[in-house]
Amino acid sequence: MINNLPSYATLAANIAHVRANIAQAAERVGRRPDTVTLVAVSKTKPVELIKLAYELGLRDFGENRVQDALPKIAEFRHAGLHPVAWHMIGHLQRNKANKVIGSFDSIQSVDTLQLAQALNHHAAELEQRIAILLQVNIAGEASKEGVTPEEALALAPQLVALPQLDVQGVMTVAPQVQDPETVRPVFRRLHELRERLREAAPQSAWQHLSMGMTDDYCVAIEEGATIVRVGRAIFGERERTQNAASL
Ligand SMILES: *Cc1c(COP(=O)(O)O)cnc(C)c1O
């Protein structure tokens, strides 16, 4: 089946809609809308569409597979499109840590000390620093990546000690539910954990709470999200399996 990509007008309307929702959710809890970064999750989508989103003002993009993302990142560089920030939001294998340094700007899916050490090592080789978030499995779902809150607290001092890593906070993927209110406690718990991480490892600010996706980003913002990762509400539905040809 041919992927139904949004037209420029639809994409513009989608982005305006998401931005308005972000502003309203922030204002409901007395926050400034510009304290929320919108990461447009462009996984499975062609680079031409991502360029249109850039043209429409988006500057942060989320990808979940290194091999899919690298050509898109290269194309943006080739076209001179900057500033732009690429966020790795999918599971990252340690043996691919070398590939993300110098291409991605932020790794939101750090979930082991070994991966953090590998990123630190390769960043040092390139004399770079890399922003990372620690992925936490708040709801304890067996199917989800991420450390437990207890593991996060134990890991925090070791992460902030790695000199090439800029430990910026935590990320979670909430369970998929019908009613976003159901996952409000998940977001609240990540926010609470962030406060404890600040005490456990005060060398970092832990400023970012990356939580909230198409179905629940407004609730996440009400609970303090500083980064929301929104795919379908911007780019439309994805093919069911990412391995299938997505064009
Ligand atoms: C795909 C994905 C998203 C975006 O999901 P939508 O429901 O399309 O908004 C956000 N975060 C992660 C980790 C993802 O894999």
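Residues numbered from 1 in each chain as written. Predicted model: local features only at pLDDT ≥ 70, side-chain atom pairs only at ≥ 80, totals over all residues. Heavy atoms only, no water.

## Comments concerning the overall build of the protein
What counts is decided by this rule: Secondary structure elements are taken from DSSP: a helix is a run of H or I of four residues or more, a strand is a run of E of two residues or more, and numbering for both begins at the N terminus. Radius of gyration here is computed from C-alpha atoms only, and the compact-globule reference equals 2.2 Å multiplied by the residue count raised to the power 0.38. Three labels apply to residues, based on accessible area from a 1.4 Å probe with only protein chains included: buried if under 20% of the type maximum, exposed if over 50%, partly exposed otherwise in between. We call two residues contacting when some pair of their heavy atoms lies within 4.5 Å. Surface accessibility in these figures is a Shrake-Rupley result with a 1.4 Å probe; residues are shielded only by whichever protein chains are displayed.
Assigned secondary structure in the protein consists of nine helices and eight strands. In terms of overall size, the protein behaves like a compact globule, its C-alpha atoms giving a radius of gyration of 17 Å where 247 residues would be expected to give roughly 18 Å. Taking all 247 residues of the protein together, 53% fall into the buried category. In the protein, the proportion of contacts linking residues at least 24 apart, taken out of those at least 6 apart, comes to 64%. Summing over all exposed atoms, the protein offers an accessible surface of approximately 11600 Å²; the carbon and sulfur share of this is 50%.

## So, the environment of glycine 146
One can find glycine 146 in the loop between β5 (130-135) and α6 (149-160). It is 30 Å that separates the C-alpha atoms of glycine 146 and arginine 28, two residues lying 118 residues apart in sequence. Leaving out residues up to four positions away in the same chain, glycine 146 has contacts with Asp111, Gln135, Val136 and Asn137.

## So, the packing of aromatic side chains
The test is simple: Note on aromatic contacts: the rings of Phe and Tyr and the six-membered ring of Trp form a pair at centre separations within 6.5 Å, being stacked when their planes are under 30 degrees apart, edge-to-face when over 60 apart, and tilted otherwise. Only lysine NZ and arginine CZ atoms are considered, and such an atom sits over a ring when it is within 6 Å of the ring centre and within 35 degrees of the ring normal.
A full pass over the atoms with the stated rule returns four aromatic pairs. Look at phenylalanine 61 and tryptophan 86: their rings are 5.5 Å apart centre to centre, the planes differ by 35°, and that puts the pair in the tilted class. Here the residue phenylalanine 61 occupies a position in strand β2 (residues 60-63), and tryptophan 86 occupies one in strand β3 (residues 85-88), the gap between them amounting to 25 residues. Summarising the burial analysis for this pair, phenylalanine 61 and tryptophan 86 share the class buried. When the ring centre of tyrosine 54 is taken as reference, the NZ or CZ atom of arginine 59 above it lies at 3.7 Å.

## Regarding helix α7 (residues 184-200)
The cut-off we apply is this: Here a helix's expected span is defined as the number of its residues, less one, multiplied by 1.5 Å.
Over its 17 residues, α7 extends 24 Å from the first C-alpha to the last, a length consistent with the 24 Å expected when each residue adds 1.5 Å. Those residues of α7 that fall on the buried side of the exposure criterion are Arg184, Val186, Phe187, Leu190, Leu193, Arg194 and Leu197. Of the surrounding secondary structure, the elements contacted by the buried residues of α7 are α6, β6 (165-171), β7 (208-210) and α8 (217-222).

## Details of the site of the ligand
As a reminder, the rule being used: Nearness is defined per residue: one heavy atom within 4 Å of the molecule or strand is enough. Any pair of N or O atoms that falls within 3.5 Å is considered a polar contact. Within protein, one atom must be able to donate a hydrogen and the other to accept it, and sequence-neighbouring residues count only if both atoms are side-chain atoms.
Taken together, Val41, Lys43, Ile89, Val173, Met213, Thr214, Arg229, Val230, Gly231, Arg232 and Arg238 make up the full set of residues adjacent to the ligand. A distance of 2.5 Å separates an oxygen atom of the ligand from a polar atom in the side chain of threonine 214. Alone, the ligand offers 390 Å² of accessible surface; in the complex the protein occludes 91% of this.

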